[in-house]
Amino acid sequence: MIKQENVEENVILSLWENIKNVIEAESNELKKLTESLDYDVVNTLIDRIQNIKGNIFITGCGTSAMAAKKIVHTMQVVNQKVFYLNPSDAVHGGIGAIG
């Protein structure tokens, strides 16, 4: 008969291995990203964002909406005039905010 303690310990060890594998996979992807960054492109993007005269609107649906909202929040924290525009609302009058 298997003891309950052994089952719980095996579950915890399995979760621990999964956590380590996810972190390792994510770190490998971040390393690839750093190797593909182009300094001139990033510098141009930063310059354009800093010198924009109006507002910046970012949009997205589903998972992209979550990413867009995170980007908006991050940019607002550094005093950029950035807003999230729900694409469904945009076609029903929300796009008037852009004008």
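To start, this report covers the structure provided alongside it. Worth saying up front: this structure is predicted, and the values here are computed from it rather than measured. (Residues numbered from 1 in each chain as written. Predicted model: local features only at pLDDT ≥ 70, side-chain atom pairs only at ≥ 80, totals over all residues. Heavy atoms only, no water.)

1. As for the nonpolar core
A general trend in soluble globular proteins is that nonpolar side chains are found buried together. The biggest cluster of nonpolar side chains holds six residues, and these are Ile56, Ile58, Ala68, Val72, Met75 and Val82. If you list the elements that add at least two residues to this core, you get β1 (56-58) and α3 (63-77). The residues contacting Met75, other than those within four sequence positions of it, are Ile49, Ile56, Ile58, Gln80 and Val82. (Core = buried A, V, L, I, M, F, W, Y, C linked by side-chain atoms within 4.5 Å. Buried < 20%, exposed > 50% of the residue type's maximum accessible area, 1.4 Å probe, protein only. Helix = DSSP H or I, 4+ residues; strand = E, 2+ residues; numbered from the N terminus. Contact = heavy atoms within 4.5 Å.)

2. Some details on the packing of aromatic side chains
Throughout the structure, instances matching the rule amount to one aromatic pair. Centre to centre, the rings of Phe57 and Phe83 are 5.8 Å apart; their planes meet at 35°, and the pair counts as tilted. With Phe57 in strand β1 and Phe83 in strand β2 (residues 82-84), this residue pair connects regions lying 26 residues apart in the sequence. The exposure class assigned to Phe57 is partly exposed, which follows from its relative accessible area of 27%. Across from the ring centre of Tyr84, 5.1 Å away, lies the NZ or CZ of Lys69, which sits over that ring. (Phe/Tyr/Trp six-rings, centres within 6.5 Å; stacked < 30°, edge-to-face > 60°. Lys NZ or Arg CZ within 6 Å of the ring centre and 35° of its normal.)

3. A word on α3
In this model α3 runs 22 Å from its N-terminal to its C-terminal C-alpha over 15 residues, within 8% of the 21 Å that 1.5 Å per residue would give. Residues of α3 that are buried: Ala65, Ala68, Val72 and Met75. Across the axial projection of α3, the buried residues extend over an arc of 90°, all falling on one side. Along α3, the residues that are exposed and aim more than 90 degrees away from the buried face are Thr63, Met66, Lys70 and Val77. Looking at the buried residues of α3, the elements they touch are α2 (39-50), β1 and β2. Looking one or two residues beyond α3, the residue adopting positive phi is Asn79, at roughly 65°. (Expected span 1.5 Å × (residues − 1). Arc of directions from axis to C-beta.)

4. Concerning the pattern of salt bridges
This structure, assessed with the given rule, holds three salt bridges. Two residues, Glu17 and Lys20, come together in a salt bridge whose shortest N-O distance is 3.4 Å. Here Glu17 and its partner Lys20 are both found in helix α1 (residues 4-36), three residues apart, which amounts to about one turn of the helix. Residue Glu17 is classed as partly exposed on the basis of its relative accessible area, which comes to 37%. Of the charged contacts in the structure, one is a salt bridge between Glu35 and Lys31, with a shortest N-O distance of 3.2 Å. With Glu35 and Lys31 both in helix α1, this residue pair falls four residues apart, about one helical turn. Residue Glu35 is classed as exposed on the basis of its relative accessible area, which comes to 57%. (Salt bridge = Lys/Arg side-chain N within 4 Å of Asp/Glu carboxyl O.)

5. A look at unusual backbone geometry
Across residues other than glycine, the phi torsion is negative in most instances, and most of the peptide bonds are trans. Even without being a glycine, Asn79 presents a positive backbone phi close to 65°. Structurally, Asn79 can be placed in the loop between α3 and β2.

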